[in-house]
Amino acid sequence: MVRNRSESGFSALHPAVSFLYFVVVITACLLFKHPLYLYTLFMVAILLNWTIDGGKALHKSIKGYVFMALIIALANPLFSSRGATILFYLFDRPVTLEAIVYGVQFGFSLFSILVLFVAYNLIVTYDKFLYLFGSIVPRTSFVVIVTIRFIPLLKRRLQDIMAIQKVQGAFQEGGKKKRHLKEGMATLHTLVTWSLEEALMTASSMRARGYGVGKRSSAIRYALDERDVIILSIMAIAGTLLFIGAFGGMGQYEVYPQLQEIPFSARMLFHYSSFLIFLLIPIIVNGKVWLEWRFIRSKM
Amino acid sequence: MALYQIENVTFAYPNATKASLAQVSFNVEEGDFVLLCGPSGSGKTTLLRQLKHEVQPEGALEGTILYKGNLLADIDQTASIEEIGFVFQDPDNQIVMHTVWQELTFSMENLGYTTTQIERRMGELVPFFGMEEWLFREIHELSGGQKQLVNLASVMALQPKVLLLDEPTAQLDPIGAKAFLQMLHRIHEELAVTIIMSEHRLEEVYPYASTVVMLQNGRCTYAGTPGPFLEQLWHGEHRELQHYIPSIAQLFLSTNVMDDLPLPLTVKQGKQWIRKAGKDKKGECELFDGESGLVNDAEVLLQCRKLHFQYAEHTPKVLKELSLSIRQGEFFTLFGGNGSGKSTLLHNIVGIVTPQRGKISFAGKSMKKMSAKERSKWIGYVAQNPALYFTKETVREQLVERYESVAQGQEGKLEELIQVLSIADVLDRHPFDISGGEQQKVVIALALLADPALLILDEPTKGLDPYSKQQFALLLERLRGLGKTIFMVSHDIEFAAQYATRCGMLFNGKVISVEETKSFLRDNYFYTTMIHRTVGEWLPNAVTVEDALAQWGT
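Residues numbered from 1 in each chain as written. Chains lettered and ligands numbered in written order. Predicted model: local features only at pLDDT ≥ 70, side-chain atom pairs only at ≥ 80, totals over all residues. Heavy atoms only, no water.

S.K.: Any chance you could explain the packing of aromatic side chains here in plain terms?
M.R.: To describe a pair of aromatic rings, you give the distance between the ring centres and the angle between the ring planes. Applying the stated rule across the entire model yields 38 aromatic pairs over all chains. Taking the centre distance of 6.2 Å and the plane angle of 85 degrees together, the rings of B:W273 and B:W552 count as edge-to-face. In this pair, B:W273 is assigned in helix α10 (residues 267-276) and B:W552 in helix α21 (residues 545-552), connecting sequence segments 279 residues apart. A relative accessible area of 16% means that B:W552 is categorised as buried. Ring plane angle 70 degrees and centroid distance 4.9 Å describe the contact between B:Y525 and B:F526, whose orientation is recorded as edge-to-face. For B:Y525, a relative accessible area of 67% translates into the label exposed. Above the face of the A:W194 ring, A:R157 is positioned so that its terminal group lies 5.2 Å from the ring centre. Sitting over the ring of B:W538, B:K271 keeps its end group 5.8 Å from the ring centre. (Phe/Tyr/Trp six-rings, centres within 6.5 Å; stacked < 30°, edge-to-face > 60°. Helix = DSSP H or I, 4+ residues; strand = E, 2+ residues; numbered from the N terminus. Buried < 20%, exposed > 50% of the residue type's maximum accessible area, 1.4 Å probe, protein only. Lys NZ or Arg CZ within 6 Å of the ring centre and 35° of its normal.)

The following block contains the structure:
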């Protein structure tokens, strides 16, 4: 059954497949420190977003992510003086090459994780998440869904209240800090009271429509089809190799106490290949769909 | 056997001194369309909630409510949820999920329907409601009318036998309300679902109803066929209830001619009656001269010159070269369709957003140069949702805080306003616990404490019952008597026809056809009162019941 107008390629696969993919890739971002691995993750994260929606969703938030990554990369050498290679002194504190490299490393993996989460939100939508976990932890997953809807809702309400408070003369530039704080508290108070009031009605409406009566079912049925099985097998093989290698110390790179030479070996190349295959799965799936459409259209 | 047997139902909320329902008795037959009417606070919501076990409020209930001969509490839970559907007033807060699709399947998933069942029901439901286009949209992108249709559809997914609806169109614009009521009519006619609905828009629902139940102060004062109901209201002792009667019926009842004709409710019926009654003669045709002298000469208070506004770079322009002037002492009403930018214009004027180009000035002073405090001397803004204003635990604290920040030292100012707005009774209550009409008055009091010259109201009559509307109109008249200028944005043509001095329409980002109310409505074809659409052919100057009566000389 077609779930959404735009669902095709990787998004159209069984949610377990896509969920598993993101779990592994995001873990990989935390696990691997090798520059080649980090760079690959970075590129794949961006490419993945591009193949999903042409990078539209990423475009909205990328500025903030770059900023965050930069802050992390800059903050580390300023606050940490670990490492043997002292480059210069700043305010009597040594700034080391190792700390700079570590900051950049950390910034890169944080950035990749954030970008991967954008893709995750596009692919593993709320209802897919609910489907996956609805039968294991039904209450919790439902609470998660409702909460997720609440965040933008509260944001919109807060904006509305603040606009009115501003018209009423609150939040003026040049006002005292203490006064701003008081006004902020009043705004939050309104937000909470109002939202609780609304939530009471929502609860009534949920009860009226049978929430909590019995075991919830799901309107969506995902059956593992042939394609899912093939992709799952590839993921299983590549993934196993990936983790075995990781436990064997592959993809690591120690910064402290002193920068080492970037490790490179035949074994690592093998490990990197399985890593790359795993990472590229959604891009290949999406690319195939893209090519198919170009091919079919040219025949029409 | 009746579907619902309601016998001697008395109900009081915990700690309440007065019962909300007192000895209410009536029956509902299968296939009935019951219209429940009565002023706000008369117990309509309480009564409707008593009819479904899952939403019954806490409190002391006496008397019996039987559904198909059984007590509500004894009905099997699943059957009760499936057979009795409930649609609430506010389109927003009864929605649980993120997208339309999820919301529609929510109730079916709760009851554990299989995926095949759900798919099949959706396959029927979605085309019936014509929702294919917005099935995968997020809820917050929809208009109020669309949201309320989603709520109705989500309940209909369970194939209920009875629908209970609590003023479902009160928060909707006229077009959304019409679409909703037509859908409801279709459900009643084609699926024979029993409907029990409370509603203020009598002219729209009255023709569909098979039974009318009137509640006043928790007592049932009428329960029966709609036929004699309106006459009874008209001749009854409660004058304030006459406002409930649709304007065409009011006109008919005022003239006392041809009492054997059926009571006309729609424009079509009204015209038939006029022809039969021999009133289809041209009235005196002295036309008003466009604008009356008084308003024209007054000094310009608010001026918007060539405003341009858009929310973000690549979004459509909401306001395009908009110009508007409001004169001292007038009551200006701005109409406009949904999403035409009416609220956006107000936001520009009160300073929530700033226009990209153009100039707004008050009494010749540019708004940009004013501080918020100075601005609040010129404008008092009453937004659609009063909840946005309430930051305190009681109405009194709220008013005192505002008094201290803007009216410090003006002895008696607060007391005077409390008296003018008659809100003395609610001072010690929580602002969220008072009725919508009272909340609105409190917000008006907050705005007026700064003593602004201009009062800006965003859809103030939305959700008010006819009697409260009348009271609200009197309040506005009193404020104008105190020298205030009023600028209202509204959908309520009937209200503006009676009280506004000038009207205009916002269309395609511009304010067009600004004219004196009577000539504005007289020259419109769709956007005019029911009375004008009925009698305009013969009495081109009549836009209200009083006009028509005066010109007929009765």
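S.K.: Where do I start with the sheet that holds strand β1 (residues 4-12) of chain B in this structure?
M.R.: One key point about sheets: their strands pair by backbone hydrogen bonds, in either a parallel or an antiparallel sense. Residue and element names in this part refer to chain B. The sheet built from four strands is open, its strands ordered β2-β1-β4-β5 with antiparallel pairing. Each edge of the open sheet is held by one strand with a lone partner, namely β2 (21-28) and β5 (70-71). Relative to β5, strand β4 (residues 60-67) is paired through two bridges, and the arrangement is antiparallel. Within the sheet, the bridge partner assigned to L66 lies in β5 and is L71. (Pairing = 2+ DSSP bridges.)

S.K.: Just to check I follow, could you spell out the nonpolar core for this structure?
M.R.: All names here are of chain B. Among the nonpolar cores identified, the biggest contains 88 residues, and L399, I444 and F487 are the most heavily contacted of them. With seven residues, the top contributor of residues to this core is helix α16 (residues 436-448). Leaving out residues up to four positions away in the same chain, F487 has contacts with L302, L324, I326, F332, L334, L345, L346, I349, L454, L455, I456 and L457. One finds A157, L265, A542 and A548 within the second-largest nonpolar core, a separate group that totals 80 residues. (Core = buried A, V, L, I, M, F, W, Y, C linked by side-chain atoms within 4.5 Å. Contact = heavy atoms within 4.5 Å.)

S.K.: Help me out: how do you make sense of the packing of helix α3 (residues 100-110) of chain B against helix α5 (residues 144-156) of chain B in this one?
M.R.: When two helices pack together, their arrangement is given by the angle between their axes and by how far apart the axes lie. Residues and elements named next belong to chain B. As a packed pair, α3 and α5 sit with axes 7 Å apart at the nearest point and diverge in direction by 35 degrees. Here α3 runs over α5; the crossing is right-handed. On α5, the residues that touch V100, E103, L104 and S107 of α3 are V150, A153 and S154. (Axes fitted to C-alpha atoms, helices over the stretch in contact; angles between N-to-C directions. Left-handed = near helix turned anticlockwise from the far one by under 90°.)

S.K.: When you look at the interface of chain B and chain A in this model, what are you seeing that I'm missing?
M.R.: In many reports, interface size means the accessible area that the parts give up when they come together. Chain B puts 53 residues into the contact, and the matching count from chain A is 48 residues. When chain B packs against chain A, the two sides together hide about 4,700 Å² of surface, and 57% of this comes from carbon and sulfur. Area buried by chain B at its contact with chain A is led by B:N93, B:F136 and B:L388, which between them contribute 14% of it. Where chain B meets chain A, there are two salt bridges. (Buried area = accessible area lost by both parts, 1.4 Å probe. Salt bridge = Lys/Arg side-chain N within 4 Å of Asp/Glu carboxyl O.)

S.K.: Looking at this model, I keep getting lost on the sheet that holds strand β15 (residues 365-366) of chain B. Mind explaining?
M.R.: Residue and element names in this part refer to chain B. Pairing in this open sheet of four strands is antiparallel, and the strands run β12-β11-β14-β15 from one edge to the other. Across the chains shown, the open sheet's two edge strands, defined by having one partner strand only, are β12 (319-327) and β15. The pairing of strand β11 (residues 300-309) with strand β14 (residues 357-362) spans five bridges and is classified as antiparallel. Bridging across to β14, H308 finds its partner in R357.

S.K.: I'm lost on the pattern of salt bridges in this one. Help?
M.R.: Residue and element names in this part refer to chain B. Overall, the coordinates contain 24 salt bridges over all chains when judged by the stated rule. Note that E537 and K271 form a salt bridge whose closest N and O atoms lie 2.8 Å from each other. With E537 in the loop between α20 (530-535) and α21 and K271 in helix α10, this residue pair connects regions lying 266 residues apart in the sequence. When its relative accessible area of 37% is taken as the criterion, E537 is described as partly exposed. Salt-bridge contacts for R502 lead to E330; the nearest nitrogen and oxygen are separated by 2.7 Å. You can see R502 sitting in strand β19 (residues 502-507) and its partner E330 sitting in the loop between β12 and β13 (331-335), a full 172 residues away along the chain.

S.K.: Where do I start with unusual backbone geometry in this structure?
M.R.: Glycine aside, residues mostly have negative phi, and peptide bonds are mostly found in the trans state. Geometrically, the link from A:Y256 to A:P257 is a cis peptide bond, its omega value of -5 degrees lying close to zero. Relative to the assigned elements, A:P257 resides in the loop between α8 (226-247) and α9 (266-299). With phi around 45 degrees, B:K306 is a residue other than glycine that occupies positive phi space. Looking at the element boundaries, B:K306 is found in strand β11. Judged by relative accessible area, which is 49%, B:K306 ranks as partly exposed.

S.K.: For this particular structure, what's the right way to read the side chain of A:S274?
M.R.: Residues and elements named next belong to chain A. As for its placement among the helices and strands, S274 is situated in helix α9. Residue classification places S274 among the buried positions, given a relative accessible area of 6%. Other than its neighbours up to four places away in sequence, S274 contacts A238, L241 and L242.

S.K.: Help me understand the environment of B:T114 in this model?
M.R.: Residue and element names in this part refer to chain B. As for its position among the elements, T114 is in the loop between α3 and α4 (115-129). The partly exposed category is assigned to T114, whose relative accessible area is 43%. Distance in space between the C-alpha atoms of T114 and L302 is 61 Å, their sequence separation being 188 residues.

S.K.: So what exactly am I meant to see when it comes to the side chain of A:T40 here?
M.R.: All names here are of chain A. On the secondary structure map, T40 appears in helix α2 (residues 35-53). Here L36 takes part through its backbone oxygen, which lies 2.5 Å from a polar atom of the side chain of T40. Ignoring anything within four residues of it in the chain, the contact list for T40 reads Y272, F275, L276 and L279. (Polar contact = N/O pair within 3.5 Å; in protein donor to acceptor, adjacent residues only side chain to side chain.)

S.K.: Before we go on, may I ask you to explain the confidence of the model for chain B in this structure?
M.R.: Low-confidence regions, as indicated by low pLDDT, have predicted coordinates that should not be scrutinised in detail. Residue and element names in this part refer to chain B. Of all residues in chain B, 97% have pLDDT values of 70 or greater, and the mean over the chain is 88. Considering only residues more than four positions removed or in separate chains, one finds that residues 289-294, a stretch of pLDDT under 50, has seven contacts. Overall fold confidence for the complex sits at a pTM of 0.81, while the interface term, ipTM, reaches 0.85. (pLDDT = per-residue confidence, 0-100.)

S.K.: Please clarify how helix α3 (residues 56-79) of chain A should be interpreted in this entry.
M.R.: Turn by turn, an α-helix covers 3.6 residues, leaving residues three or four places apart pointing in a common direction. Residue and element names in this part refer to chain A. Counted at 1.5 Å a residue, the expected span for α3 with its 24 residues is 34 Å, and the 36 Å between its end C-alpha atoms agrees. When we look at burial in α3, the residues that qualify are L58, Y65, A69, A73, N76 and P77. For α3, the elements touching its buried residues are α2, β2 (93-96) and α4 (97-123). (Expected span 1.5 Å × (residues − 1).)

S.K.: Where do I start with the pairing of β11(B) in this structure?
M.R.: Remember that side chains alternate between the two faces of the sheet whenever the strand is regular. Inspection of the sheet shows β11(B) paired to β12(B) by six bridges, in the antiparallel sense. Following the sheet pairing, B:V300 is matched in β12(B) by B:R327.

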